[in-house]
Amino acid sequence: MMTANAHDQVSRMLALVPYLRAKEGIAVDDVAAHFGVAPAQIIKDLRVLWFCGLPNSVSGDMIDIDMEAVEGEGVVRLTNADYLTRPLRLTAHEAVALIVALRTLRASSDGAERDIVDRALQKLEFAAGEAGVPASNVDVHIDPVDAATRGQIERALRTDRRLRLEYYVPGRDETTEREVDPIRLAIVSGHTYLEGWCYRADDVRLFRVDRITALEVLPEPIDLPADARPRDLSHGLFQPADDDRLATLSLEPSAAWVADYYPVEQVRRRPGRVVEIDLRYSDEHWLRRLVMRLGGNARVIQPESLADDVRMTAARALEAYSGSP
């Protein structure tokens with residue numbers, strides 16, 4: 001069975017060859033930055049590509065890479081790979097995924113952009129034929145955002161300009177002012193997010209565009225730190241780190257959706273359709289608020305300190321409610 005690293009390497013090398021054919025003499029560091037890996041990994045990939053070619057190829061027919069230039073000048077020169085510049089054929093699964101992605105892009109675009117997407121979508125649906133029919137069963141819904149706000153963000157992205165924004169934080173019921181170097185717009189679970197380097201947090205942050213209450217494009221150019229990279233959102237917005245704390249929750253049937261909505265470490269079925277889950281969290285305030293929102297349908301089992309805190313918070317809330325006029 002192919003390991004995850006080997007699978008990633010094969011996928012990267014399939015994209016690497018046409019990329020290098022279009023960029024003769026590109027620096028190894030630039031290639032590494034484009035593919036999001038270390039330069040040493042690109043050199044390893046090139047050493048493998050050096051022995052690749054069509055089936056039954058002999059030495060002179062294989063991809064030719066000037067390894068002396070790679071190791072000496074730090075540049076990549078690749079030849080004898082014209083056959084790999086031909087477009088790859090999409091599988092049925094890939095065609096459906098691409099159609100759904102284009103429909104999602106169409107739902108979040110307007111004007112000239114939508115016309116371009118429509119033309120691409122029409123060509124792809126025609127080429128996919130019956131294989132693309134399952135895409136019609138996917139319901140694409142994107143929450144609307146203010147067109148002027150989105151337009152300003154797109155302008156800042158095009159011109160590499162910093163943004164000043166006022167952002168509503170529902171967890172604290174407050175509006176904060178921030179300066180952000182924009183990186184991209186992303187759509188996750190039907191919401192549009194601005195991802196960028198936040199100078200208030202001194203880190204990359206995601207901002208739901210519909211929670212931006214004021215926005216200004218500043219004259220200052222962006223100045224992203226070297227480690228300011230977009231997050232991998234392919235598995236959703238909530239992606240806990242390995243060093244986050246672990247909590248165990250007991251969920252009644254009406255709260256079992258939590259196990260599907262948030263990434264969990266383990267799910268255990270208990271009598272009475274009760275679900276017990278282990279999930280990681282970095283913000284105790286967030287987890288306490290989640291449990292409180294679920295009312296009596298969720299209970300913290302571990303850690304005990306958090307369970308005691310939730311019980312005390314619930315008791316104070318009940319006491320305040322009972323004592324209200």
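These figures come from a predicted structure and were not determined experimentally.

Cut-offs applied
Residues numbered from 1 in each chain as written. Predicted model: local features only at pLDDT ≥ 70, side-chain atom pairs only at ≥ 80, totals over all residues. Heavy atoms only, no water. Helix = DSSP H or I, 4+ residues; strand = E, 2+ residues; numbered from the N terminus. Buried < 20%, exposed > 50% of the residue type's maximum accessible area, 1.4 Å probe, protein only. Areas by Shrake-Rupley, 256 points an atom, 1.4 Å probe, with all protein chains shown as cover. Salt bridge = Lys/Arg side-chain N within 4 Å of Asp/Glu carboxyl O. Pairing = 2+ DSSP bridges. Axes fitted to C-alpha atoms, helices over the stretch in contact; angles between N-to-C directions. Contact = heavy atoms within 4.5 Å. Parallel < 35°, antiparallel > 145°, perpendicular 65-115°, else oblique. Nonpolar A, V, L, I, M, F, W, Y, C, P; charged D, E, K, R; others polar. Core = buried A, V, L, I, M, F, W, Y, C linked by side-chain atoms within 4.5 Å. Expected span 1.5 Å × (residues − 1). pLDDT = per-residue confidence, 0-100.

Along the protein chain, the regular secondary structure elements total 10 helices and 13 strands. Within the protein chain, the proportion of its 325 residues that are buried is 33%. A total accessible area of about 20100 Å² is found for the protein chain, and carbon and sulfur atoms account for 52% of it.

Another aspect to go through is the pattern of salt bridges. Taken as a whole, this structure holds 20 salt bridges when the rule is applied. Of the charged contacts, one joins Arg-288 and Glu-284 as a salt bridge, the two residues approaching to 3.6 Å between their closest N and O atoms. One end of the pair is Arg-288 and the other is Glu-284, both in helix 9 (residues 284-293) and 4 residues apart, which spans about a single turn. Residue Arg-311 pairs with Asp-308 through a salt bridge whose shortest N-O separation is 2.2 Å. In this pair, Arg-311 and Asp-308 are both assigned in helix 10 (residues 304-322), 3 residues apart and thus about one turn of the helix distant. Each of the salt bridges in this network shares a partner with another, and the network as a whole consists of Arg-162, Arg-164, Glu-177, Glu-179, Asp-181 and Glu-216.

Time to look at the sheet that holds strand 6 (residues 174-188). The sheet built from 5 strands is open, its strands ordered 8-7-6-5-9 with antiparallel pairing. At either end of the open sheet lies a strand with only one pairing partner, and these are strand 8 (203-208) and strand 9 (212-221). Taking each pair of neighbouring strands and ignoring which way they run, the sheet shows an average axis angle of 45°. In the sheet, strand 5 (residues 161-169) pairs with strand 9 via 6 bridges, with the strands oriented antiparallel. The residue of strand 9 that forms the bridge with Leu-163 is Val-217. Contacts from helix 7 (residues 147-159) reach strand 5, strand 6, strand 7 (191-198) and strand 9 within the one sheet, and its direction differs from that of strand 9 by about 20°.

All right, on to the packing of helix 2 (residues 28-35) against helix 3 (residues 39-49) then. Geometry of a packed helix pair, given as the angle between the helix axes and the separation of the axes. Interhelical geometry of helix 2 versus helix 3 gives an angle of 100° and a closest axis separation of 8 Å. The angle between the axes of helix 2 and helix 3 places the two elements in the roughly perpendicular class. In contact with Val-28, Asp-29, Val-31 and Ala-32 of helix 2, helix 3 contributes Pro-39, Ile-42 and Ile-43. Split into classes, the residues belonging to the contact of helix 2 with helix 3 amount to 6 nonpolar, no polar and 1 charged.

Attention now moves to the nonpolar core. Counting 21 residues, the largest nonpolar core has Leu-249, Leu-251, Ile-277 and Leu-287 as its most contacted members. Of all elements in the fold, only strand 10 (245-251), helix 8 (258-261), strand 12 (274-281), helix 9, strand 13 (298-302) and helix 10 reach the threshold of two or more residues within this core. With sequence-adjacent residues up to four places away left out, Leu-251 is seen in contact with Ala-256, Val-258, Ala-259, Arg-273, Val-274, Val-275, Ile-277, Leu-294, Asn-297 and Ala-298. By size, the runner-up hydrophobic cluster in this structure holds 18 residues, among which are Val-17, Leu-20, Ile-65 and Val-76.

Let us look at the side chain of Ser-250. In this structure, Ser-250 sits in strand 10. Taking relative accessible area as the criterion, Ser-250 reaches 10% and is therefore assigned buried. Apart from residues lying up to four places away in sequence, Ser-250 is in contact with Val-274, Val-275, Glu-276, Asn-297, Ala-298, Arg-299 and Ile-301.

Time to look at helix 5 (residues 92-107). If you check helix 5, its first and last C-alpha atoms are 23 Å apart, about what 16 residues at 1.5 Å a residue would give, namely 22 Å. Restricting attention to buried positions, one finds in helix 5 the residues Ala-95, Val-96, Ile-99, Val-100, Leu-102 and Thr-104.

The buried count for strand 7 comes to 8 of 8 residues, which makes it a mostly enclosed element. Sheet topology places strand 6 next to strand 7; 8 bridges connect them, and they run antiparallel. Bridging across to strand 7, Ile-187 finds its partner in Thr-192. Counting the residues in the hairpin turn of strand 6 and strand 7 gives 2 residues, including Ser-189, whose phi is positive at 50°. Bridge count for strand 7 against strand 8 is 6 bridges, and the pairing is antiparallel. From the neighbouring strand, Glu-195 faces strand 8, where its bridge partner is Leu-206. Adjacent in sequence and paired antiparallel, strand 7 and strand 8 are bridged by 4 residues, among which Asp-202 carries a positive phi angle near 55°.

With that settled, consider the sheet that holds strand 12. An order of 11-12-10-13 is seen for the 4 strands of this open sheet, with the pairing classed as antiparallel. Among the strands making up the open sheet, the edge pair consists of strand 11 (266-270) and strand 13. Neighbour to neighbour, the strand axes of the sheet diverge by 25° on average, direction disregarded. Examined bridge by bridge, strand 10 and strand 12 share 7 bridges and lie antiparallel to one another. Counterpart to Ser-250 in the pairing with strand 12 is Glu-276.

In this section: the confidence of the model for the protein chain. Residue-level pLDDT values for the protein chain average 80, and 82% of them are 70 or greater. Per-element mean pLDDT across the protein chain ranges from 73 in helix 1 (residues 4-22) up to 94 in strand 9.

For the bond from Gln-302 to Pro-303, the omega torsion is 0°, close enough to zero to count as cis. With respect to the element layout, Pro-303 can be found in the loop between strand 13 and helix 10. Notably, Asp-202 is not glycine yet its phi reads approximately 55°, a positive angle. Inspection of the secondary structure puts Asp-202 in the loop between strand 7 and strand 8. Residue classification places Asp-202 among the exposed positions, given a relative accessible area of 54%.

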